[in-house]
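# Geometric and topological summary
Take a look at the letters that make up each chain.
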2 protein chains.
Amino acid sequence: MHFSLVDIIGFLGAFGTTISFLPQAIKTIQTKDTSGISLYMYILFTMGTAFWLIYGILIGSLPVTAANAVTFLFASVILSYKIRYK
Amino acid sequence: MHFSLVDIIGFLGAFGTTISFLPQAIKTIQTKDTSGISLYMYILFTMGTAFWLIYGILIGSLPVTAANAVTFLFASVILSYKIRYK
C-alpha cells in the first residue's frame, strides 16, 4: 500500500482531531471541573459524531467510522461529566 | 442537485461537529473561564483542523475546506484564551 503526501496530511488531520479529545476526557474525569466547558458544544458535537458514525457505516468508510467511533466515545464521557458535575 | 438520505446524514455530522465550537468560543470569550479546558486538546485539535484544511485544499474538496476553515477559527480563539487566561 502506497500513501501520497496528500494522504499523510489527511491522516494527520484525522489523528489530531480524534486523539485531541482524549486529554480533555482524562482532565475532566480527574478534576470534575466542567465550569468552563460548554454544554451546548458537547450536545452538538456528540450528536455530530453520531451522525458521522452512521454516515461512515452507510458509505462503508472504515476511516470515517473508526475515527468517529473513538471521538463519539470521548465526547460522550465529557458530556456525561458536564451534565453530572455542572 | 439531488441529495440522498446518506448525504443528508453526512451533512448533519459536518454541521454538528463544526458549529459545536461556536457556543464554546462564545462561552470562553464571555467568562474567560478556561480552568476545565484541556490545553493539550486544543493544541492537538487546532493542529488537526489545520491539516484537514490543507488536505481539503489539496484534494479540492469544498466541504472539507469550508468546515475546517470555520472550525480552525473557533478552535484558535479558544486555544488563545486558554494560553492567555490559564
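In the block above lies the structure referred to throughout.
First, a word on scope: everything that follows refers to the structure included in this document. These numbers come from a predicted model, not from an experiment.

## Quick look at the side chain of Lys82 of chain A
- As for its placement among the helices and strands, Lys82 of chain A is situated in helix 4 (residues 62-84).
- Not counting chain neighbours up to four residues away, the residues in contact with Lys82 of chain A comprise Thr34, Ser35, Ile37 and Leu39 of chain A together with Lys27 of chain B.

## Section: the interface of chain A and chain B
- Across the contact, 34 residues belong to chain A and 33 residues belong to chain B.
- At the boundary of chain A with chain B, total buried surface from both sides reaches about 2900 Å², with 75% on carbon and sulfur atoms.
- Summed over the shared surface of chain A and chain B, the number is zero salt bridges.
- Connecting chain A to chain B are 14 residue pairs in polar contact (both at pLDDT 80 or more).
- Of all the secondary-structure elements, those providing two or more residues to the side of chain A that touches chain B are helix 1 (5-19), helix 2 (21-31) and helix 3 (39-59) of chain A.
- A breakdown of the residues in the side of chain A that touches chain B according to their chemical character gives 19 nonpolar, eleven polar and four charged.

## Observations regarding the packing of helix 2 (residues 21-31) of chain B against helix 4 (residues 62-84) of chain B
Residues and elements named next belong to chain B.
- The N-to-C vectors of helix 2 and helix 4 enclose an angle of 25°; their axes lie 9 Å apart at closest approach. It follows that helix 2 is roughly parallel to helix 4 by the angle criterion. When you trace helix 2 past helix 4, the crossing you get is left-handed. Across the interface between the two elements, Phe21, Leu22, Gln24, Ala25, Thr28 and Ile29 from helix 2 touch Thr71, Phe74, Val77, Ile78 and Tyr81 from helix 4.
- Tallied by class, the residues present in the contact of helix 2 with helix 4 amount to eight nonpolar, three polar and no charged.

Reading guide: rules and limits
Residues numbered from 1 in each chain as written. Chains lettered and ligands numbered in written order. Predicted model: local features only at pLDDT ≥ 70, side-chain atom pairs only at ≥ 80, totals over all residues. Heavy atoms only, no water. Helix = DSSP H or I, 4+ residues; strand = E, 2+ residues; numbered from the N terminus. Contact = heavy atoms within 4.5 Å. Buried area = accessible area lost by both parts, 1.4 Å probe. Salt bridge = Lys/Arg side-chain N within 4 Å of Asp/Glu carboxyl O. Polar contact = N/O pair within 3.5 Å; in protein donor to acceptor, adjacent residues only side chain to side chain. Nonpolar A, V, L, I, M, F, W, Y, C, P; charged D, E, K, R; others polar. Axes fitted to C-alpha atoms, helices over the stretch in contact; angles between N-to-C directions. Parallel < 35°, antiparallel > 145°, perpendicular 65-115°, else oblique. Left-handed = near helix turned anticlockwise from the far one by under 90°.

No statement about biological role is implied by the geometric values presented.
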